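So the chains spell out like this:
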Amino acid sequence: MTDKNLSQDVLKKIKSKNLKPKPKWGFLLKNWVFWVLGTLTIILGAISLGITMFLLTATNWTLHNELNSSFFSLILNALPYFWMILLALMTVVTHYNVRHTRKGYKLKTSHLTTGIIIISLISGLIFFGAGTAKEIEEQMQNHMPPYKQLHNMKMKRMQKRIEKFQELHPDRKLPPKFNELNKLDFDRKPPTRPPLTY
Amino acid sequence: MKNTNSKALKDEELVRLSLENSDNFLHLMQRYETRLLAYIHRLINAPTEDAEDILQEVFIKTYENLNDFDTSLRFSSWIYRITHNHTISFYRKFKNQPSTLSTGESQTFFENLRDDTDIPNQINQKLNSKKIATLLQKLDKKYHTVLILRYLEGKDYSEISDILKKPMGTVATLLNRAKSHFKKILITNGHDG
């Protein structure tokens, strides 16, 4: 096939099959979808970060410190993994979405990741500072049964650990605020022993 | 539009005219046909008929997606990107052997690469075109592609970035690694003559 024939054959095919360029709006929409998804995931990531901050500040670290013998077990038991995993997931999805916008490929991976982290951090701080993170967390506990179940499971585990700790160390006093745990909503029988007071 | 008139027009203007009338797309195809056919051959060792089929599909795809062309890019980068992606898909489907460069291409490739790399002199003298082509085949596909784009297609970093849809920094790293791998292969295999 000569050069001339190939191009002409393609043109003939275009005409015979009545092929037309796809409309511009379709391409614009695709680009916008990635931007909108990127924005949504970064907001979700920021909310996750805000809630992580809220839960970390609300955690009774003194109590955790007493219950955990090593730093590793302290970290393992006290961190809000659900939100941290969601934050990591949203960072990856945002990265993917921005990368797939029209000019997203031009951004350096390190720059893009740093940008996402900085935006999430600032927005997360705003959500945390404004009390939105706390509000969302409470709303989720009230209106999302699976989340409440997850939270209760964590609290039950914590309660068991406290009970075990007290059995093993009857002479050791747990730090104040422990009684706050009694306010939690358990769907099991309350402990038979009288609540501790400090 | 007459052929003489079309030659004076930029690719971007031809894109605009092709959107108005498909006949004008012929000038764009004719402008890129030889280059893209050669590029397909350089990327995969497809028989001529297959390469022409790939190119036909590339042109149709390009025509259908003309409205997606971003005028801030060079048209050549865009059509090379479509060709590259389509050819690689074809390669994955049919697993052709890596391409073999012709004698002239190997020579041009090596001369361009040598100007940009510190390859020991004793290796330069012992290499012939066939050997260069064989050694190039030993490279990983991603290194092979980036070397072809840089030293045979003569694309700059920004164009390679647009064709491969990778950040410029990644292109620079890929190219450095590709050169370094090729140099290693040259040193370990190049002395056999």
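Reading the values: the criteria
Note on numbering: residues in each chain are counted from 1, in written sequence order. All chains are assigned letters beginning with A, and all ligands numbers beginning with 1, in the order in which they are written. A pLDDT threshold of at least 70 governs which residues receive local features in this predicted model, and a stricter bar of 80 or more applies before side-chain atom pairs are shown or counted, although totals over entire chains, interfaces and linings include all residues. Only runs of H or I of at least four residues qualify as helices and only runs of E of at least two qualify as strands under DSSP, and these elements are numbered from the N terminus. Neighbour density around each residue's C-beta defines its exposure: 20 or more other C-beta atoms within 10 Å make it buried, 12 or fewer make it exposed, and counts between make it partly exposed, where C-beta atoms are placed from the backbone. Joined through C-beta atoms within 7 Å, a set of buried Ala, Val, Leu, Ile, Met, Phe, Trp, Tyr and Cys residues constitutes a nonpolar core. Each domain's extent is set by a domain assignment, obtained either automatically or from a database. A pair of residues counts as a contact when their C-beta atoms, built from backbone coordinates, are within 7 Å of each other. Residue-level confidence of the predictor, termed pLDDT, takes values from 0 up to 100. Three residue categories are used. Nonpolar comprises Ala, Val, Leu, Ile, Met, Phe, Trp, Tyr, Cys and Pro, charged comprises Asp, Glu, Lys and Arg, and polar comprises the others, including Gly. Between the N-to-C directions of two axes lies an angle of 0 to 180 degrees, each axis being a line fitted to C-alpha atoms and, for a helix, fitted only over the stretch in contact. For classification, angles of less than 35 degrees are called roughly parallel, those exceeding 145 degrees roughly antiparallel, those between 65 and 115 degrees roughly perpendicular, and all remaining angles oblique. A crossing counts as left-handed when the near helix is turned anticlockwise from the far one by less than a right angle, and as right-handed when that turn is clockwise.

Next up on the list: unusual backbone geometry. In the Ramachandran plot, A:Asn18 falls in the positive-phi region, its phi being about 50° despite a non-glycine side chain. Considering the arrangement of structural elements, one finds A:Asn18 in the loop between helix H1 (3-16) and helix H2 (24-58). Classification of A:Asn18 as exposed rests on a count of 7 C-beta atoms within 10 Å. The phi dihedral of B:Lys165 is positive, around 55°, even though this residue is not glycine. With respect to the helices, strands and loops of the structure, B:Lys165 is situated in the loop between helix H10 (157-164) and helix H11 (168-189).

All right, on to the nonpolar core then. Of all hydrophobic cores here, the largest spans 49 residues; its most connected members are B:Met29, B:Ile40, B:Ile54, B:Leu55 and B:Leu147. If one sorts the elements of this core by residue count, helix H3 (residues 25-43) of chain B sits on top with 9 residues. The residue makeup of this core includes at least three contributed by each of domain 1 (8-94) and domain 2 (103-192) of chain B. Once residues lying within four places of it in the same chain are set aside, the contact partners of B:Met29 are A:Ser7, A:Val10 and B:Phe59. A:Phe54, A:Leu87, A:Phe128 and A:Ala133 belong to the second largest nonpolar core, which has 14 residues in total.

Averaged over every residue, the pLDDT of chain A is 83; the share at 70 or more is 85%. Contacts of residues 178-198 of chain A to residues separated by more than four positions or lying in other chains number 19 contacts, the stretch itself having pLDDT below 50.

With that settled, consider the environment of A:Trp32. Residue and element names in this part refer to chain A. If you trace the backbone, Trp32 turns up in helix H2. You can call Trp32 partly exposed: it has 13 C-beta atoms within 10 Å. Taking the C-alpha atoms as reference points, Trp32 and Thr101, 69 residues apart in sequence, are found 7.8 Å from one another.

Residue and element names in this part refer to chain B. You can see Asn112 is positioned in helix H6 (residues 103-116). Accessibility expressed as a C-beta count within 10 Å gives 15 for Asn112, which makes it partly exposed. Separated by 39 residues in sequence, Asn112 and Tyr151 have C-alpha atoms that sit 5.6 Å apart.

So, about the interface of chain B and chain A. Counting from both sides, the interface comprises 25 residues of chain B and, opposite them, 23 residues of chain A. Looking at the side of chain B that touches chain A residue by residue, the classes come out as 10 nonpolar, 8 polar and 7 charged.

The description of two packed helices rests on the angle between their axes and on the distance between the axes. All names here are of chain A. Look at H2 against helix H6 (residues 109-129): their axes get within 7 Å of each other, and the N-to-C directions meet at 55°. With respect to H6, the axis of H2 lies oblique. By crossing handedness, the relation of H2 to H6 is classed as right-handed. Of the residues in H6, those touching H2 at Ile42, Gly45, Ala46, Ile47, Leu49, Gly50, Met53 and Phe54 are Ile116, Ile119, Ser120, Leu121, Ser123, Gly124, Phe127 and Phe128. Tallied by class, the residues present in the contact of H2 with H6 amount to 11 nonpolar, 5 polar and no charged.

We now examine the packing of helix H2 (residues 11-20) of chain B against H3(B). Residue and element names in this part refer to chain B. At a closest axis distance of 8 Å, the pairing of H2 and H3 adopts a crossing angle of 140°. Between H2 and H3, the residues in contact are Asp11, Leu14 and Ser18 and Phe25, His27 and Leu28, respectively. Among the residues making up the contact of H2 with H3, the classes are represented as 3 nonpolar, 2 polar and 1 charged.

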